[in-house]
Amino acid sequence: MGIFAIACVCGVASGMFGIGGGVLLVPLLGLLFAFGQHRAQGTSLVALIPPTGILALLAYSREGYVSWKTGLLLIPGVFLGGIVGGVMAKWIRPRLMRQIFAAIMFVLGALQAFSAWWR
């Protein structure tokens with residue numbers, strides 16, 4: 001039941017804000033269900049990319065909120081970056097991986113907070 005509940009929260013966040021996997025599901029799997037960083041990230045990819053990504057894309061597209069040109073230009077970089085990142089992740093110890101992830105989340109969260117109020 002706990003997994004289903006956090007999945008629902010992450011699905012709503014993904015559909016509303018374009019976040020879910022990395023921002024919510026990965027930390028929640030680690031904190032609430034004792035998943036290691038690598039396992040949490042891999043599980044998040046399986047759970048969110050196919051179902052939520054496609055459904056959210058359809059909803060945003062219907063409203064005209066998709067820049068197809070930019071999105072299509074992003075695909076090769078995301079694809080290649082995903083492969084490189086997956087290979088690099090095998091070389092990083094789980095604790096360091098979690099620290100890097102936390103630092104990235106902190107910096108991006110701070111930048112987002114500042115830009116939301118002072119931009």
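It should be emphasised that the depicted structure is a prediction, and the values quoted were computed from it without experimental measurement. (Residues numbered from 1 in each chain as written. Predicted model: local features only at pLDDT ≥ 70, side-chain atom pairs only at ≥ 80, totals over all residues. Heavy atoms only, no water.)

Draft legend 1. Highlighting the overall build of the chain. Within the chain, the secondary structure is distributed over five helices and zero strands. Across the chain, helices and strands are ordered from the amino to the carboxyl terminus as α-α-α-α-α. Taking the principal axes of its C-alpha atoms as reference, the chain extends roughly 40 × 35 × 35 Å. Relative to its 119 residues, the chain shows a buried fraction of 17%. Considering only residue pairs separated by 6 or more positions, the chain has 49% of its internal contacts joining residues 24 or more positions apart. About 8,900 Å² of surface is accessible on the chain, with carbon and sulfur atoms providing 75% of the total. (Helix = DSSP H or I, 4+ residues; strand = E, 2+ residues; numbered from the N terminus. Buried < 20%, exposed > 50% of the residue type's maximum accessible area, 1.4 Å probe, protein only. Contact = heavy atoms within 4.5 Å. Areas by Shrake-Rupley, 256 points an atom, 1.4 Å probe, with all protein chains shown as cover.)

Draft legend 2. Here's a closer look at the nonpolar core. One finds Ile-6, Cys-10, Leu-25, Val-26, Leu-29, Phe-35, Ala-40, Leu-48 and Phe-101 forming the largest nonpolar core, which totals nine residues. Looking at this core, the elements with two or more residues in it are α1 (2-17), α2 (21-33) and α3 (37-62). Residue contributions to this core peak at three residues, all from α2. When near neighbours in sequence (up to four residues on either side) are disregarded, Ala-40 contacts Val-26, Leu-29 and Phe-35. (Core = buried A, V, L, I, M, F, W, Y, C linked by side-chain atoms within 4.5 Å.)

Draft legend 3. Spotlight on the environment of Ala-59. The topology assignment puts Ala-59 in helix α3. As for Ala-59 and Leu-111, which are separated by 52 residues in sequence, their C-alpha atoms are 27 Å apart.

Draft legend 4. Broad picture of α3. The terminal C-alpha atoms of α3 lie 35 Å apart, and with 26 residues this matches the ideal 38 Å at 1.5 Å per residue to within 8%. By the largest-angle criterion, Ile-49 marks the main kink of α3, which is about 40 degrees, and a proline, Pro-50, follows within four residues. Looking at α3, one finds that the buried residues are Gln-37, Ala-40, Ser-44, Leu-48, Thr-52 and Ala-56. Just downstream of α3, Gly-64 is the residue with a positive phi angle, here 80 degrees. (Expected span 1.5 Å × (residues − 1). Bend = angle between axes of the 7 residues up to and from the residue.)

Draft legend 5. Just the packing of aromatic side chains, in detail. In this structure the tally under the stated criterion is two aromatic pairs. Ring centres of Phe-114 and Trp-118 lie 5.5 Å apart, and the angle between their planes is 35 degrees; this geometry places the pair in the tilted category. Taken as a pair, Phe-114 and Trp-118 lie in helix α5 (residues 94-118) at a separation of four residues, close to a single helical turn. For the pair formed by Phe-114 and Trp-118, the shared burial category is exposed. (Phe/Tyr/Trp six-rings, centres within 6.5 Å; stacked < 30°, edge-to-face > 60°.)

Draft legend 6. Region of the structure containing the side chain of Gln-37. Position of Gln-37 relative to the elements: it lies in helix α3. When its relative accessible area of 8% is taken as the criterion, Gln-37 is described as buried. One polar contact links Gln-37 to Gln-41, side chain to side chain, over a distance of 2.8 Å. Discounting residues that sit within four places of it in the chain, Gln-37 has contacts with Val-26, Pro-94, Met-97, Arg-98 and Phe-101. (Polar contact = N/O pair within 3.5 Å; in protein donor to acceptor, adjacent residues only side chain to side chain.)

Draft legend 7. Spotlight on a nonpolar patch on the surface. There is a patch of nonpolar side chains on the surface, built from Leu-57, Trp-68, Leu-72, Ile-75, Phe-79, Leu-80, Ile-83, Val-84, Val-87, Met-88 and Trp-91 and spanning about 1,200 Å² of accessible area. Here the nonpolar patch gets nine residues from one element, more than from any other, and that element is helix α4 (residues 68-89). Of note, Val-84 is situated in helix α4. (Patch = residues over 30% accessible without salt bridge, like charges linked within 9 Å, V, L, I, M, F, W, Y side chains within 5 Å. Salt bridge = Lys/Arg side-chain N within 4 Å of Asp/Glu carboxyl O.)

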